[in-house]
Amino acid sequence: FTFVKTNKKGYSTYYIASDKGMSCGNIAHEVVHVVNNIYRDKGITLDIDNDENQAYLTGFIVEKCYKFFK
């Protein structure tokens, strides 16, 4: 599952947690939730016709997860 914590200054930290092993599919699934939460929190509308920023953000988060779970 995913969750977010926001500090008193308004900075948010997004987390992915699991009580099971994290497969590539699990990571991808949870990263979609994190990306959507970031977009929602920042007031950004997802645009399926202009999704390059979303793709870069997704890749960045997947890399962080891969390094952590590796």
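Model, not experiment: these values are computed from the prediction.

Regarding the overall build of the protein
Alright, step 1. The helix and strand inventory of the protein stands at two helices and two strands.
Alright, step 2. Put simply, the protein runs from its N terminus to its C terminus through helices and strands in the order β-β-α-α.
Alright, step 3. Dimensions along the principal axes, computed over C-alpha positions, put the protein at roughly 35 × 30 × 15 Å.
Alright, step 4. Across the 70 residues that make up the protein, the buried fraction comes to 17%.

Observations concerning the layout of surface pockets
Alright, step 1. Looking at the largest pocket, its volume works out to about 270 Å³.
Alright, step 2. Around the largest pocket sit Y14, Y15, I16, V34, I38, F60, I61, K64, C65, F68 and F69, which together line it.
Alright, step 3. At the level of elements, β2 (12-16), α1 (24-41) and α2 (52-69) are the ones that each hand at least two residues to the lining of the largest pocket.

Topic: the packing of aromatic side chains
Alright, step 1. Here the structure, examined in full by the defined rule, presents three aromatic pairs.
Alright, step 2. Arranged with centres 4.9 Å apart and planes meeting at 15°, the rings of F3 and Y15 form a pair that is stacked. Of this pair, F3 sits in strand β1 (residues 2-6) while Y15 sits in strand β2, and the two are 12 residues apart along the sequence.
Alright, step 3. A relative accessible area of 32% places F3 in the partly exposed class.
Alright, step 4. Ring geometry for F68 against F69: centres 5.1 Å apart, planes inclined by 85°, an arrangement best described as edge-to-face.
Alright, step 5. By relative accessible area, F68 is classed as exposed at 68%.

Observations regarding the pairing of β1
Alright, step 1. Pairing geometry for β1 and β2, over five bridges, is antiparallel. Bridging from a neighbouring strand, T2 pairs with I16 of β2.
Alright, step 2. Where β1 hands over to β2, the hairpin turn is made up of five residues, of which G10 adopts a positive phi near 95°.

Some points on a negative patch on the surface
Alright, step 1. Taken together, the side chains of D47, D49, D51 and E52 present a region of like negative charge at the surface.
Alright, step 2. In this structure, E52 sits in helix α2.

Cut-off values and rules
- Residues numbered from 1 in each chain as written.
- Predicted model: local features only at pLDDT ≥ 70, side-chain atom pairs only at ≥ 80, totals over all residues.
- Heavy atoms only, no water.
- Helix = DSSP H or I, 4+ residues; strand = E, 2+ residues; numbered from the N terminus.
- Buried < 20%, exposed > 50% of the residue type's maximum accessible area, 1.4 Å probe, protein only.
- 1 Å grid on protein atoms, 1.4 Å probe; cavity = no way out; pocket = protein on both sides within 12 Å on 5 of 7 lines; lining within 4 Å.
- Points joined across faces, edges and corners; volume = space filled by probe spheres on them.
- Phe/Tyr/Trp six-rings, centres within 6.5 Å; stacked < 30°, edge-to-face > 60°.
- Pairing = 2+ DSSP bridges.
- Patch = residues over 30% accessible without salt bridge, like charges linked within 9 Å, V, L, I, M, F, W, Y side chains within 5 Å.
- Areas by Shrake-Rupley, 256 points an atom, 1.4 Å probe, with all protein chains shown as cover.
- Salt bridge = Lys/Arg side-chain N within 4 Å of Asp/Glu carboxyl O.
- Lys, Arg positive; Asp, Glu negative; His and termini not counted.
- Charge placed at Lys NZ, Arg CZ, Asp CG, Glu CD.

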